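Chain by chain, the residues:
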Amino acid sequence: MKKILILLILASITFSCGTPKTVIQSKKVIKGNWTLEQISFSQPGTYEVALFNDVSKECFVGSIWRFIPNNNTGTYTINNTNCIPTGIRYFIFTIQQINADTGLYDFLLKPTTAKGKSEDNAGFRLQLTQLTETTMRWEQTVLLNGKPFTIYMNFTKTNK
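What this report covers is the structure whose coordinates are included nearby. (Residues numbered from 1 in each chain as written. Predicted model: local features only at pLDDT ≥ 70, side-chain atom pairs only at ≥ 80, totals over all residues. Heavy atoms only, no water.)

Observations concerning the overall build of the protein chain
In plain terms, the rule: The helix and strand labels rest on DSSP assignments: H or I over at least four residues marks a helix, E over at least two residues marks a strand, and numbering proceeds from the N terminus. The classification of residues rests on relative accessible area computed with a 1.4 Å probe and restricted to protein chains. Under 20% of the type maximum is buried, over 50% is exposed, and intermediate values are partly exposed. Contacts between residues were defined by any pair of non-hydrogen atoms, one from each residue, lying within 4.5 Å. Per-residue and other accessible areas follow the Shrake-Rupley method at a 1.4 Å probe size, with only the shown protein chains counted as cover for residues.
If you tally the helices and strands in the protein chain, you get three helices and ten strands. Listed by position from the N terminus, the elements making up the protein chain come as α-α-β-β-β-α-β-β-β-β-β-β-β. The burial tally for the protein chain puts 32% of its 160 residues in the buried class. Residue pairs at least 24 apart in sequence account for 45% of intrachain contacts in the protein chain once pairs closer than 6 positions are excluded. In the structure as shown, the protein chain presents an accessible area of about 10,100 Å², 55% of it carried by carbon and sulfur atoms.

Here is the structure:
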C-alpha cells in the first residue's frame, strides 16, 4: 500500500511539472520563418519607439524572424537599407502558460549574441495574443507618460 501511495505521489509531481500541451503545440506552430508585416499602437499619433532597444518601428516592418523551438532560439534580420545597422540579430525565447490575469500567453524574448550570450541580461515580456498556422500577433504594454501604451506586432508565416 505504501509503495502504491509513493508511486502515485511521484506520478502526480511528474505530470504537474511538465510543459502544458498547448505550449508544446504553440512551439510546433511558431517554428519557421515569419515576416513582421505591421506595427501599430493603441493610441493614435507618431511615436519614436526603438523596439527591443534596437531600431525604430520603420526598420522592423518587413524584418524576417526565424524561430527554432527545440532549443528556444531564433533570429531576426533587419533588411531595410535605410536603417543602421542592418543585418541579423539573435535571441532566445520562451512561451509560457496562459497568464491568469490576462488570459494570454506570456512570451519572453531576450536578445543575445550569436553564441547565445546576453550582453546585459535584459529581456522583454510580451503577450502572444494570436497564433495560427499563418498569422501571429504580439502585444507589448509599456508606460507612456504614466499610462499604459500597447504596441501591436502582426506577423505572417513565410515558410516552415
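Anyway, onward from the coordinates.
A closer look at the sheet that holds strand β8 (residues 124-131)
Note the cut-off: DSSP calls a pair of strands paired once it identifies at least 2 bridges connecting them. Axis lines are fitted through C-alpha atoms, for helices just across the contact stretch, and the angle between N-to-C directions can take any value from 0 to 180 degrees.
Read around the closed barrel, eight strands run β1-β4-β5-β6-β7-β8-β9-β10, paired in antiparallel fashion. For this sheet, the mean angle separating the axes of adjacent strands, direction not counted, is 35°. Across seven bridges, the pairing between strand β6 (residues 87-98) and strand β7 (residues 105-112) is antiparallel. Residue pairing across strands places F93 opposite L109, the latter belonging to β7.

As for unusual backbone geometry
Here the bond from I84 into P85 is cis, since omega is -5°, no more than 30 degrees from zero. Its location among the elements puts P85 in the loop between β5 (73-78) and β6. The phi dihedral of N121 is positive, around 65°, even though this residue is not glycine. Take N121: it is sitting in the loop between β7 and β8.

Focus: the packing of aromatic side chains
What counts is decided by this rule: Ring pairs are drawn from Phe, Tyr and Trp, using the six-membered ring of Trp, whenever the two centres fall within 6.5 Å, and their geometry is named by plane angle: stacked under 30 degrees, edge-to-face over 60, tilted for the rest.
Per the counting criterion, the structure on display carries 23 aromatic pairs. Taking 5.5 Å as the distance between ring centres and 65° as the angle between the ring planes, the aromatic pair formed by F67 and F91 counts as edge-to-face. In this pair, F67 is assigned in strand β4 (residues 64-68) and F91 in strand β6, connecting sequence segments 24 residues apart. A relative accessible area of 1% means that F67 is categorised as buried. Cluster of aromatic residues (ring-pair linked, three or more members): F52, F60, W65, F67, Y76, F91, F93, F107, F124, W138 and F155.

Side note on the pairing of strand β1 (residues 32-41)
Relative to β4, β1 runs antiparallel, the two being bridged by four bridges. Bridged to G32 within β4 is F67. Direction of pairing for β1 relative to strand β10 (residues 147-159): antiparallel, over a ladder of eight bridges. Of the residues in β10, the one forming a bridge with F41 is I151.

From the geometry alone we can't say anything about function, so treat these as descriptive.
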